[in-house]
Amino acid sequence: MTKAGITMVRAGTPAPVARLPRRRGIELALIVLAVFLSVYGYCDVGLAKNGTVPPGAAGYGAGLGVLALLAHLAVRLRAPYADPLLLPIGVLLNGLGLVLIYRLDLETPDDRAAPTQLMWSTLGVALFIVVVLLLRDHRVLQRYSYVCVAAALVLLTLPILFPAVNGARIWIRIAGFSIQPGEFAKVLLAVFFAAYLAANRNALAYAGRRVGRFTRMQLPTGRVLGPIVAVWLVSVGVLILERDLGTSLLFFGLFVVLLYVATGRTGWITVGLLLAALGAVAVGWLEPHVHGRVEDWLHPIASIEAGEGPNQLAQSLFAFAAGGILGTGLGLGHSILIGFAAKSDFILATAGEELGLAGLGAIFLLYALLVERGYRAGLALRDPFGRLLAVGLASIVALQVFVIAGGVTGLIPLTGMAMPFLAQGGSSVVTNWAIVALLIRVSDSARGQYDGQVAP
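Computed from a predicted model, the values in this text were never measured in an experiment. (Residues numbered from 1 in each chain as written. Predicted model: local features only at pLDDT ≥ 70, side-chain atom pairs only at ≥ 80, totals over all residues. Heavy atoms only, no water.)

**A closer look at the pattern of salt bridges**
Selection rule: Salt bridge, as used here, is a side-chain nitrogen of Lys or Arg placed within 4 Å of a carboxyl oxygen of Asp or Glu. A run of H or I in DSSP becomes a helix once it reaches four residues, and a run of E becomes a strand once it reaches two; helices and strands are each numbered from the N terminus.
All chains considered together, the criterion is met by 12 salt bridges. Here K49 ties to E107 by a salt bridge, and the two come within 2.7 Å at their closest N and O atoms. One end of the pair, K49, is in helix 1 (residues 24–50); the other, E107, is in the loop between helix 3 (86–105) and helix 4 (114–134), and 58 residues separate them in sequence. Among the ionic pairs, E107 bridges to R103, the shortest N-O distance being 3.2 Å. Among the charged side chains, a network of salt bridges with common partners joins K49, R103, E107 and E354.

**A closer look at helix 5 (residues 145–157)**
As a reminder, the rule being used: Helix span, expected: 1.5 Å multiplied by one less than the number of residues in the helix. Whether a residue is buried, partly exposed or exposed follows from its accessible area with a 1.4 Å probe, protein chains only, as a fraction of its type maximum: under 20%, in between, or over 50%, in that order. In this description, the arc belongs to the directions extending from the helix axis to the C-beta atoms.
The end-to-end C-alpha distance of helix 5 is 19 Å, a good match for the 18 Å that 13 residues give at a rise of 1.5 Å each. Taken residue by residue, helix 5 has S145, C148, V149, A152 and L156 as its buried positions. Buried residues of helix 5 fall within an arc of 95° about the axis and therefore sit on the same side. Residues of helix 5 that are exposed and point over 90 degrees away from its buried face: Y146 and V147.

**Focus on helix 15 (residues 426–448)**
The terminal C-alpha atoms of helix 15 lie 33 Å apart, and with 23 residues this matches the ideal 33 Å at 1.5 Å per residue to within 8%. Counted residue by residue, helix 15 has 22 buried out of 23 residues, so it is predominantly covered.

**Quick look at the environment of V430**
Under the convention used in this document: Throughout, a residue-residue contact means that at least one pair of heavy atoms, one from each residue, lies within 4.5 Å.
Mapped onto the fold, V430 is located in helix 15. The exposure class of V430 is buried, given its relative accessible area of 9%. Setting aside its immediate chain neighbours within four residues, V430 contacts W120, L123, G124, L127 and F184.

**A short note on the nonpolar core**
Operational definition: Take the buried Ala, Val, Leu, Ile, Met, Phe, Trp, Tyr and Cys residues and link them wherever side-chain atoms come within 4.5 Å; each set so joined is a nonpolar core.
In terms of nonpolar packing, the biggest core is built from 120 residues, with F128, F193, L393, M419, L422, W433 and I440 touching the most fellow members. If one sorts the elements of this core by residue count, helix 14 (residues 384–408) sits on top with 14 residues. Excluding its chain neighbours within four sequence positions, the residues that come into contact with L422 are L93, L96, G97, L100, I101, I347, L348, I363 and Y367.

In structure tokens, the structure reads:
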């Protein structure tokens, strides 16, 4: 009953139950917007290059729309409380990547990558749907942590048996078919690291002897320090044998981030940075392929001064400079001059030149929002494994974007990795959809655990 505008509740009456909004309608509206922006970009490229709408625009829009709708239906059915931003961000980034690859295909008629990328995107969305439908509880993955690390190590070492491609041994090529096993290994490693650290976080937080009588610095015990040293040695070993700087940085950085989150000790970050710096400096001087990339980073216009013309990094920097604030417009840039890696390693240069600083900033904001929503889901979970898994998966995206963007802008040496969702690469786009699917599952658990509880 009410009295003087105040609601009165009788004694013994149970408190009202709080029902959380599922927000699937918001997700669907954002997916429609993401598909529309992707189709608009596709048409804009055709109008800029040929003066007409591309003949395949309707098919492209229908294909992307059907894939996005199927993914949405899977989320609506099995993950009703999932974060409504994760799937639309994935659709928009994947759609924009297809637009950029199609734009570059117009400069290379004999080497069209957009149809193949669309096929891989379809496989990625199919994997997304399978994960969302079949994986009902993310904690099931904790039981298979050692299977995951064994499979990851096998995948990381397999490319050693195959010839190097562009100076690095990161590909498996058989009968014209190629995959990059390291892309799948990073997800498996995230599962293992999350399970290991969740089970041993108390022991890892324990500190050993103090260094000096008058200092507060403490060294961890040998048993605690062993795992991080082992991971460091494996990452450096991968770098030496495969000449793959990007995978090594991602591999080691992921472990250090999760170690800090699990223990809350900033000292682990210091130790991790020191070990990473020592390994990078040593290999940078001893390994010719990595040393060459360091030299290009230190002197990006040295080849121009020597009369040999601009190298890839110099062309990338020229593309960013030509883009300015608003860009030249889709289809009106010249980033194809970068060469064979324009559709993969350096696709961000095309975005920077044709969309400008404003468009590039919007892309980075999408990645930042994807990472933030992953962290948010992890922090909301009660179980340590799920929390570390969400942080690890989001950190994979964050580390990869930083390493790639830093390389093509001259902030750090080039690594040869693929920009998530944007760059050409089947293994990469399939893996990124798997990451989004796992984040969907974790976010659904994070919000679903509070549904139906008694309101305070």
